[in-house]
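Chain and residue survey
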Amino acid sequence: IWHVRQYGLGFLVHAVMGLTGLTCCYGPFMMYPISRFLLFEISTIFLDIHWFLEKLGLGGGRVILVNDVITLLVYFGVRII
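Residues numbered from 1 in each chain as written. Predicted model: local features only at pLDDT ≥ 70, side-chain atom pairs only at ≥ 80, totals over all residues. Heavy atoms only, no water.

Quick look at the packing of aromatic side chains now. Applying the stated criterion across every chain, the model contains 2 aromatic pairs. On the numbers, 5.2 Å between centres and 35° between planes, the contact of Y7 with F11 is tilted. For Y7, a relative accessible area of 51% gives the class exposed. Between W51 and F52, the aromatic rings sit 5.0 Å apart at their centres with planes inclined by 75°, giving edge-to-face as the arrangement. Take W51: its relative accessible area is 48%, and that puts it in the partly exposed class. (Phe/Tyr/Trp six-rings, centres within 6.5 Å; stacked < 30°, edge-to-face > 60°. Buried < 20%, exposed > 50% of the residue type's maximum accessible area, 1.4 Å probe, protein only.)

An α-helical turn contains 3.6 residues, so a residue and the one three or four places further along point in the same direction. Taking 1.5 Å of rise per residue, the 19 residues of helix α5 (residues 62-80) would be expected to cover 27 Å, and the 26 Å separating its terminal C-alpha atoms lies within 8% of that figure. Those residues of α5 not exposed but buried are I64, N67, T71 and V74. Within α5, the buried residues cover an arc of 90° as seen down the axis, which keeps them to one side. In α5, the exposed positions that point more than 90 degrees away from the buried face belong to R62, L65, L72, L73 and I80. (Helix = DSSP H or I, 4+ residues; strand = E, 2+ residues; numbered from the N terminus. Expected span 1.5 Å × (residues − 1). Arc of directions from axis to C-beta.)

Overall, the prediction assigns the protein chain a mean pLDDT of 83, with 100% of residues at 70 or greater. The least confident element of the protein chain is helix α3 (residues 31-38), whose mean pLDDT is 74; the most confident is α5, at 89. (pLDDT = per-residue confidence, 0-100.)

It is worth spelling out the side chain of T71 at this point. Locating T71 in the fold gives a position in helix α5. Each residue touching T71, except ones within four places of it in the same chain, is listed here: F46 and L47. (Contact = heavy atoms within 4.5 Å.)

Moving on, we come to the side chain of N67. Positionally, N67 belongs in helix α5. Residue classification places N67 among the buried residues on the basis of a relative accessible area of 6%. Setting aside residues up to four positions removed in sequence, N67 forms contacts with F46, I49 and H50.

Running from N to C, helix α4 (residues 42-55) and α5 point in directions that differ by 160°, and their axes come no closer than 9 Å. On the basis of the axis angle, α4 is roughly antiparallel to α5. As for how α4 packs across α5, the hand of that crossing is left-handed. Residues I42, S43, F46, L47, I49, H50, L53 and E54 of α4 lie in contact with α5, whose contacting residues are V63, I64, N67, D68, I70, T71, V74, Y75 and R79. (Axes fitted to C-alpha atoms, helices over the stretch in contact; angles between N-to-C directions. Parallel < 35°, antiparallel > 145°, perpendicular 65-115°, else oblique. Left-handed = near helix turned anticlockwise from the far one by under 90°.)

Moving on to the environment of G10. Here G10 lies in helix α2 (residues 9-24). By relative accessible area, G10 is classed as exposed at 52%. Considered as a pair, G10 and L72 are 62 residues apart in the sequence and their alpha carbons are 25 Å apart.

Structure follows, in structure tokens:
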């Protein structure tokens, strides 16, 4: 809420929905569907690593290539398969 002007309303809605999903995960009736929903967020970790590597000036190297391949594999494995 503090940075809603900087990131926009869509980011706030995404954060609230993510918090709701995590909160519902602790109830027994939502454990299975919410845990599957949260799997879609796994690729976000690798996207953040890519962003940090770019900001550190390590873009175009072997580390970022390996990270990109892992990102594609995780995205394909979780979202497509």
